[in-house]
Amino acid sequence: SLMLERVSRTAAYELNLDELTNMILEEVTRTIHIQKTAFFLKQEKDGKFILTAYRGYTNAESYQLRSDHPVIEWLKNHDHALKQSDIGLDPCFKSLLEAERDELKEMGAELFVPIKAKGELVGIFTVGPKRSGESYSHDDQLTLTMLANQTAVAIENARLYWHLERTLEALKQAHDKLELRVEQRTKDLEQANKALEAEIKERQRAEDQIKLYTQELERSNQELQQFAYVASHDLNEPLRMVSSYLQLLERRYDSQLTSEAKEFIAFAVDGAKRMQTLISDLLAYSRVGAQGKPFQPVELEEIVTQVATNLSVEIIEIQATVYW
């Protein structure tokens, strides 16, 4: 009773499975004077029952029971201890392999006490012979069963605590990763904002430069229009004089001029008129941006003919042939 009280008091706050199981084995071996005792706990990964704590064994690290072992199946269906002597008598153990029978004998366990939590087998508490050689009484078995029940609660609490620790650790890692990602995203955003600010400034400088160029171009166009207007006016005046005097020469000395001279005068007058036309067209072209008329179809043959006429002197000099 004192042992159960001590175990119960310690199990209430002990959450380390290794320390808990070793403490219980120490209490049992000292109080009941047992030669060998051990705990087999179920592994969540594969369901095997692995030896986790023991007393009185020399080479027990390899002991384990598969999840479908006949002993495991029997303990799942019963709430009291399984005696070693029953294994040789109960028909349900006929499926045991010879190697498994030898292993159970080598364990030297007199009792296999089930450890259950919420109706599920989570471990096995094995005890070997008493040092006195006496068999286990009903009270002994009841004590060991009560001890197993206390162990089951402690194991469940320890595993819940272990899962809680793992969950908290996972949450901490996730939180740390999130903080790192947020920090990195913040840095990336700051860099992106700096790059955007630089780009905005660069675009603003480019827009200011375009405005400056536009203003300069408008000023230049205005000066060009003014120059074209003045030039056309100043050039038209001497051309009109040349044309007028040629025509006056033709009228006044008409009787004295040969037909060839008259033809030359006609060429000169025509050239002066075409020059006036070119000057007027140049003035009109310089005003296209401000006073231009809507585009419309034109007769290309007429334009090419006019161009060829304007370039007739050059065409004759280089002996070129123009086709259209």
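Preceding this section is the structure that the text describes.
The notes below deal with the structure included here. These numbers were taken from a predicted model, which means no experiment stands behind them.

1. Topic: the environment of E250
Phase 1 of the analysis: Looking at the element boundaries, E250 is found in helix α6 (residues 138-252).
Phase 2 of the analysis: Sequence spacing of E250 and A261 is 11 residues, and the spatial spacing of their C-alpha atoms is 9.1 Å.
Phase 3 of the analysis: Residues in contact with E250, not counting those within four places in the same chain, are L257 and I265.

2. Structural notes on the pairing of strand β2 (residues 49-55)
Phase 1 of the analysis: Strand direction decides the pairing type here: strand β1 (residues 37-42) and β2, joined by six bridges, are antiparallel. Counted as the bridge partner of L41 is I50 from β2.
Phase 2 of the analysis: Hairpin remark: β1 followed by β2, antiparallel, with six residues in the connecting loop; positive phi at G47, about 80°.
Phase 3 of the analysis: Relative to strand β3 (residues 64-65), β2 is paired through two bridges, and the arrangement is antiparallel.

3. Brief notes about the packing of helix α1 (residues 2-11) against helix α2 (residues 17-32)
Phase 1 of the analysis: With their axes 10 Å apart at the nearest point, α1 and α2 run at an angle of 170° to one another. The angle between α1 and α2 falls in the class roughly antiparallel. Contacts between α1 and α2 involve M3, R6, V7, T10 and A11 from the former and L20, M23, I24, E27, V28, R30 and T31 from the latter.
Phase 2 of the analysis: Here the residues of the contact of α1 with α2 sort into seven nonpolar, two polar and three charged.

4. Digging into the pattern of salt bridges
Phase 1 of the analysis: Evaluated as defined, the whole model comprises 20 salt bridges.
Phase 2 of the analysis: For E202, the salt bridge goes to R205, with nearest N and O atoms at 2.4 Å. A residue pair is termed a helical-turn pair when its members lie 3 or 4 positions apart in one helix, as E202 and R205 do in helix α6 at three residues.
Phase 3 of the analysis: For R205, a relative accessible area of 48% corresponds to the partly exposed category.
Phase 4 of the analysis: Connected via shared salt-bridge partners are R6, E26, E27, R30 and R55.

5. What to know about α1
Phase 1 of the analysis: For α1, the set of buried residues is M3, L4, V7, T10 and A11. Projection of α1 onto a plane perpendicular to its axis shows the buried side chains occupying an angular sector of 135°, all on one side.
Phase 2 of the analysis: Contact partners of the buried residues in α1: α2 and α6.

6. Things to note about a nonpolar patch on the surface
Phase 1 of the analysis: A cluster of nonpolar side chains, contributed by L15, Y161, L164, L168 and L171, occupies part of the molecular surface with about 450 Å² of accessible area.
Phase 2 of the analysis: Looking at the element boundaries, L15 is found in the loop between α1 and α2.
Phase 3 of the analysis: On the accessibility criterion, L15 (33% relative accessible area) is partly exposed.

7. Some points on unusual backbone geometry
Phase 1 of the analysis: Even without being glycine, K118 reaches a positive phi, approximately 55°.
Phase 2 of the analysis: Along the chain, the position of K118 falls in the loop between β5 (111-117) and β6 (120-127).
Phase 3 of the analysis: In this structure K118 comes out as exposed when scored by relative accessible area, which is 77%.
Phase 4 of the analysis: You will see that Q319, though not glycine, has its phi angle at about 55°, which is positive.
Phase 5 of the analysis: Mapped onto the elements, Q319 comes out in the segment after α10 (312-318).
Phase 6 of the analysis: For Q319, a relative accessible area of 71% gives the class exposed.

8. Describing the nonpolar core
Phase 1 of the analysis: By size, the foremost hydrophobic cluster in this structure holds 29 residues, and its most contacted members are I24, V28, I115, F125, L144 and L147.
Phase 2 of the analysis: Formed by 21 residues, the second largest nonpolar core is a distinct cluster that contains Y57, L65, L82 and L121.

9. Re the packing of α2 against α6
Two packed helices can be described by the angle between their axes and the distance between those axes.
Phase 1 of the analysis: One way to put it is that α2 packs onto α6 with a least axis distance of 10 Å and a crossing angle of 165°. Regarding the angle of α2 to α6, the classification is roughly antiparallel. In terms of crossing hand, the pair formed by α2 and α6 is right-handed. Here α2 contributes L17, L20, I24, V28 and I32 to the contact with α6, which in turn contributes L144, L147, T151, A154, I155, A158 and R159.
Phase 2 of the analysis: Classifying every residue of the contact of α2 with α6 gives 10 nonpolar, one polar and one charged.

10. Digging into helix α5 (residues 98-107)
An α-helix turns once every 3.6 residues. As a result, residues three or four positions apart point the same way.
Phase 1 of the analysis: What α5 keeps buried is the set E100, L104 and M107. The arc that holds every buried residue of α5, seen down its axis, measures 60°, which confines them to one face. Along α5, the residues that are exposed and aim more than 90 degrees away from the buried face are E98, A99 and K105.
Phase 2 of the analysis: Buried residues belonging to α5 abut β1, β3, α3 (70-76), α4 (84-87) and β5.
Phase 3 of the analysis: Just beyond α5, the residue with positive phi is G108, at close to 70°.

Criteria and cut-off values
Here the residue numbering is sequential within each chain, running from 1 through the sequence in written order. Local features are withheld for residues below a pLDDT of 70 in this predicted model, meaning they are given only at 70 or higher, and side-chain atom pairs are given and counted only at 80 or more; totals for whole chains, interfaces and linings count all residues. The basis for the side-chain values is all heavy atoms of the structure; hydrogens and waters are excluded. Helix and strand definitions follow DSSP, with helices as H or I runs of at least four residues and strands as E runs of at least two, each counted in order from the N terminus. The contact criterion used is simple: two residues touch if any of their non-hydrogen atoms lie within 4.5 Å. Two strands qualify as a pair provided that DSSP identifies no fewer than 2 bridges between them. Where helices are involved, their axes are fitted lines through C-alpha atoms of the stretch in contact, as for all axes, and angles between N-to-C directions lie from 0 to 180°. Reported orientations rely on four angle classes, namely roughly parallel under 35 degrees, roughly antiparallel over 145, roughly perpendicular from 65 to 115, and oblique for the rest. All residues other than Ala, Val, Leu, Ile, Met, Phe, Trp, Tyr, Cys, Pro, Asp, Glu, Lys and Arg, Gly among them, are scored as polar; the first ten of these are nonpolar and the last four charged. Each reported salt bridge corresponds to a side-chain nitrogen of Lys or Arg within 4 Å of a carboxyl oxygen of Asp or Glu. Relative accessibility thresholds used throughout: buried, under 20% of the residue-type maximum; exposed, over 50%; partly exposed, between the two (1.4 Å probe, protein chains only). Directions pointing from the helix axis toward each C-beta atom define the arc. Every patch collects residues that have over 30% relative accessible area and no salt bridge, joining them within 9 Å if they carry like charges and within 5 Å if they are nonpolar side chains (Val, Leu, Ile, Met, Phe, Trp, Tyr). For the accessible areas, the method is Shrake-Rupley and the probe is 1.4 Å, while residue cover comes only from the protein chains on display. The criterion is simple. A nonpolar core is a set of buried Ala, Val, Leu, Ile, Met, Phe, Trp, Tyr and Cys residues joined through side-chain atoms within 4.5 Å. In this scheme the crossing of two helices becomes right-handed for a clockwise turn of the near helix relative to the far one and left-handed for an anticlockwise turn of less than a right angle.

Purely geometric numbers; function is a separate question.
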